[in-house]
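Fold and contact review
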Amino acid sequence: MGRTIVVANQKGGVGKTTTVVNLGAGLVEMRKRVLLIDLDPRGDLSAHLGVVKEGLVGTVYEGLLKEGMGMEEVIVSVEGVGVEVAPADSNLAAAEWVLADMDSSEREQVVARAVSPLGDDYDFILIDTGPGLHLLSVSALAAADEVIVPQQCSYLALHGLQQITGNIKQVQGVRPDLRICGILLTMHDRRTRHHQQVIEMVREGFGELVFKTVIPRTIKFEESPASGQPITKYAPTSEAAEVYRKVAKEVIERGREA
Ligand SMILES: Nc1ncnc2c1ncn2[C@@H]1O[C@H](COP(=O)(O)OP(=O)(O)O)[C@@H](O)[C@H]1O
Ligand SMILES: [Mg+2]
């Protein structure tokens, strides 16, 4: 049975999608079978990997909610990268309304029902979520074994960190076995003393929960989506690619420890 990991943080722009794409690509390089599920109606993950709408049988919306259709039917492979993707588009926004009409126990199971049959086909299923803790994200957390929380190295963002840990505790009320795989510090600017202080504070507060690897801020992460490739393909020898390979190793190690 593979590991299902949700990447979540209430805040937008903290590196969730970047982490799903590049951690996924790093795991593929380590010969893991990886599925990425785009659970954000913005479809950033799908766009980042150049998945085009034309010719798709369906998207995550249908995979989750269309009668007689399963998630496996909407999965596409990304050529040259070796990851598989369940893509999303703006239709997924409507899923919130459908979920809102369900009773809470049914709603929480929507993602689990679609994803758990795939558990034997992959070593890792990584789920990207949108900003805000919407019904879809809660359902994703309920389907997951673990959660990774990306967080920018800036002070204001710490407030968001307290919120997400609060939210994780809430979900753990429903799913006590949900593990925090780790908090990943992102967009670190080494020239900024302030960022260093934030890293120290987060390590003090959360200890071993924080990944050893810190993701530096570099323009390469903004460039790579335009190429339709993960950083490990766009700039394979860059430090940016190397740090996500390290995160992939840490994620594998953390699975062994658990
Ligand atoms: N380490 C980084 N350095 C520089 N830019 C980054 C980094 N990580 C992500 N970005 C850029 O910041 C923006 C937000 O990142 P993204 O992963 O989309 O965040 P989220 O999914 O949490 O909204 C994107 O334009 C992305 O390319
Ligand atoms: Mg995103």
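Our subject in this report is the structure included herewith. The shown structure was predicted, so the numbers you read here are calculated from the model rather than taken from an experiment. (Residues numbered from 1 in each chain as written. Chains lettered and ligands numbered in written order. Predicted model: local features only at pLDDT ≥ 70, side-chain atom pairs only at ≥ 80, totals over all residues. Heavy atoms only, no water.)

Digging into the pattern of salt bridges
What counts here: Counted as salt bridges are all cases of a side-chain nitrogen of Lys or Arg within 4 Å of a carboxyl oxygen of Asp or Glu. The secondary structure listing takes helices from DSSP runs of H or I that are at least 4 residues long and strands from runs of E that are at least 2 residues long, numbered from the N terminus. We call a residue buried when its accessible area falls under 20% of the maximum for its residue type, exposed when it is over 50%, and partly exposed in between, using a 1.4 Å probe and counting protein chains only.
As enumerated under the stated definition, the model contains 10 salt bridges in all. Here Arg 245 makes a salt bridge to Glu 29, at a shortest N to O gap of 2.5 Å. Placement of the pair is Arg 245 in helix H12 (residues 239-257) and Glu 29 in helix H1 (residues 16-29), with a sequence separation of 216 residues. Accessibility expressed as a relative area gives 15% for Arg 245, which makes it buried. A salt bridge links Arg 254 to Glu 250; its shortest N-O distance comes to 3.9 Å. Separated by 4 residues within a single helix, Arg 254 and Glu 250 lie in helix H12, roughly one turn from each other. Neither residue differs from the other here; Arg 254 and Glu 250 are each classed as buried.

Some words on the environment of Leu 27
Stated precisely, the cut-off is as follows: Throughout, a residue-residue contact means that at least one pair of heavy atoms, one from each residue, lies within 4.5 Å.
Among the structural elements, Leu 27 can be located in helix H1. The buried category is assigned to Leu 27, whose relative accessible area is 0%. With 220 residues separating them in the primary sequence, Leu 27 and Val 247 have C-alpha atoms 9.1 Å apart. If we ignore the near neighbours within four places in the chain, the residues touching Leu 27 are Lys 32, Val 34, Phe 124, Leu 126, Ala 248 and Ile 252.

A short note on a negative patch on the surface
The test is simple: Grouping into patches uses exposed residues only, defined as over 30% relative accessible area, and leaves out salt-bridged ones; the cut-off is 9 Å for like charges and 5 Å for nonpolar side chains (Val, Leu, Ile, Met, Phe, Trp, Tyr). The protein chains shown are the only cover counted for residues, whose accessible areas, like all others here, come from Shrake-Rupley with a 1.4 Å probe. Counted as positive: Lys and Arg. Counted as negative: Asp and Glu. His and the chain ends are not counted at all. Here the site of a charge means NZ on Lys, CZ on Arg, CG on Asp, or CD on Glu.
A cluster of like negative charges, contributed by Glu 72, Glu 73, Asp 120 and Asp 121, occupies part of the molecular surface. Take Glu 72: it is sitting in the loop between helix H3 (60-65) and strand E3 (76-77).

Section: the site of ligand 1
Stated formally: A molecule or strand has a residue near it when one of that residue's heavy atoms lies within 4 Å. Throughout this description, a polar contact denotes any pair of N or O atoms lying within 3.5 Å of each other; where both atoms belong to protein, one of them has to be capable of donating a hydrogen while the other can accept it, and for residues adjacent in sequence the pair is counted only when both atoms sit in side chains. Ten residues, namely Ala, Val, Leu, Ile, Met, Phe, Trp, Tyr, Cys and Pro, are considered nonpolar, four, namely Asp, Glu, Lys and Arg, are considered charged, and the remaining ones, Gly among them, are considered polar.
Lining the immediate environment of ligand 1, one finds 14 residues, of which Gly 13, Lys 16, Thr 17, Thr 18 and Pro 216 sit closest. The contact in question runs from an oxygen atom of ligand 1 to an N or O atom on the backbone of Val 14, over 3.0 Å. At 3.0 Å, a backbone N or O of Thr 218 approaches a nitrogen atom of ligand 1. Elements supplying a minimum of two residues to the shell around ligand 1: H1 and helix H10 (220-223). Here the shell around ligand 1 gets 3 residues from one element, more than from any other, and that element is H1. For the shell around ligand 1, the residue count by class is 5 nonpolar, 6 polar and 3 charged.

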